[in-house]
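# Descriptive structure summary
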Amino acid sequence: MQKTLINATEISVKFSEVDSLGIVWHGHYVRYFEDGREAFGKAYGIDYLTVYNNQYVTPIVSIDCKYKQVLRYGDRVIIETEYIPSEAARLNFNYRLLNAATGEVVVTGSTVQVFLQRDNFMLQLTNPLFFEEWKKKYGFV
């Protein structure tokens, strides 16, 4: 059985996130993925400052977002963020956004981030040492 790490965090839809139809504008769901990654990183010790302080940055190179339902102003949203292990030097995450009141899946998606050296933006083809240690800590190697 494959080991998984999942974090769930809950947010409220803000007025500034809805369009003239009163529903969340589609681009905000990508930002909700970011909110989920930040909560995941804080929960599991792989947040952006940890990466940065280890001399790396992790830009997104791929995003997939599938819309199933709408959200409206004031709705509560549960963002489930799941780390997907890989031998490659990258961070893979899957997301499920659920309407907290109904439990319905609103959006699913995924992102891929790669490791670049912080100072010269060189792509890393092998896992940075701190990331290998993180993977060992959580049983992924």
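Residues numbered from 1 in each chain as written. Predicted model: local features only at pLDDT ≥ 70, side-chain atom pairs only at ≥ 80, totals over all residues. Heavy atoms only, no water.

### Notes on the overall build of the protein
Going by this rule: Under the DSSP-based scheme used, a helix requires at least four consecutive residues in state H or I and a strand at least two consecutive residues in state E, with every element numbered from the N terminus. For the radius of gyration, the atoms used are the C-alpha atoms, and the globule rule reads 2.2 Å times the number of residues raised to 0.38. Remark: exposure states derive from per-residue accessible area (1.4 Å probe, protein chains only) relative to the maximum for the residue type, with buried under 20%, exposed over 50%, and partly exposed in between.
Assigned secondary structure in the protein consists of 3 helices and 7 strands. Along its sequence from the N terminus, the protein presents helices and strands in the succession β-α-α-β-β-β-β-β-β-α. The C-alpha atoms of the protein give 16 Å as radius of gyration, which agrees with the globular expectation for 141 residues (14 Å, within 12%). Projected onto its principal axes, the C-alpha coordinates of the protein cover approximately 45 × 35 × 20 Å. Counting every position in the protein, which comprises 141 residues, the buried fraction comes to 39%.

### Some details on the pattern of salt bridges
Quick note on the threshold: We count a salt bridge whenever a side-chain nitrogen from Lys or Arg sits within 4 Å of a carboxyl oxygen from Asp or Glu.
Overall, the coordinates contain 7 salt bridges when judged by the stated rule. Salt-bridge contacts for Arg-31 lead to Glu-17; the nearest nitrogen and oxygen are separated by 2.4 Å. Linking Arg-31 in helix H1 (residues 28–44) with Glu-17 in the loop between strand S1 (5–12) and H1, this pair joins segments that are 14 residues apart in sequence. Its relative accessible area of 2% is what places Glu-17 among the buried residues.

### Notes on the sheet that holds strand S5 (residues 90–99)
Rules: When DSSP locates at least two bridges between a pair of strands, those strands are taken to pair. Axis geometry follows a simple rule: fit a line to the C-alpha atoms, using only the stretch in contact for helices, then measure angles between N-to-C directions, giving values from 0 to 180 degrees. Contact criterion: two residues are considered in contact whenever any of their non-hydrogen atoms come within 4.5 Å of each other.
Taken in spatial order, the 5 strands of this open sheet run S1-S4-S5-S6-S3, and their pairing is antiparallel. Either end of the sheet is taken by a strand with one partner, and the two such strands are S1 and strand S3 (60–67). Here the strands of the sheet are splayed against their neighbours by 15 degrees on average, with no regard to which way each runs. Relative to strand S6 (residues 105–114), S3 runs antiparallel, the two sharing 7 bridges. The residue of S6 that forms the bridge with Ile-63 is Thr-111. Packed on one face of the sheet, H1 meets S1, S3, strand S4 (76–84), S5 and S6 and runs near 125 degrees to S1.

### Considering the pairing of S5
The buried count for S5 comes to 7 of 10 residues, which makes it a mostly enclosed element. Bridge analysis of S4 against S5 gives 8 bridges, and the strand direction is antiparallel. Residue pairing for S5: Thr-81 is matched across the bridge by Tyr-95. Hairpin connection from S4 to S5: 5 residues lie between these consecutive antiparallel strands. Across 9 bridges, the pairing between S5 and S6 is antiparallel. If you follow Leu-91 over to S6, its bridge partner there is Gln-113.

### Quick word on the side chain of His-28
Counting through the fold element by element, His-28 comes out in helix H1. Residue His-28 is classed as buried on the basis of its relative accessible area, which comes to 18%. Excluding its chain neighbours within four sequence positions, the residues that come into contact with His-28 are Ser-16 and Glu-17.

### Quick notes on the nonpolar core
The condition is simple: In plain words, nonpolar cores are sets of buried Ala, Val, Leu, Ile, Met, Phe, Trp, Tyr and Cys residues tied together by side-chain atoms within 4.5 Å.
Counting residues in hydrophobic clusters, the biggest one holds 31 residues, and the most contacted among them are Tyr-29, Tyr-32, Tyr-83, Leu-97 and Trp-134. If you list the elements that add at least two residues to this core, you get S1, H1, S4, S5, S6 and helix H3 (129–137). With 5 residues, the top contributor of residues to this core is H1. The residues touching Trp-134, leaving out its near neighbours within four places in the chain, are Leu-5, Phe-40, Tyr-44, Gly-45, Ile-46 and Tyr-83.

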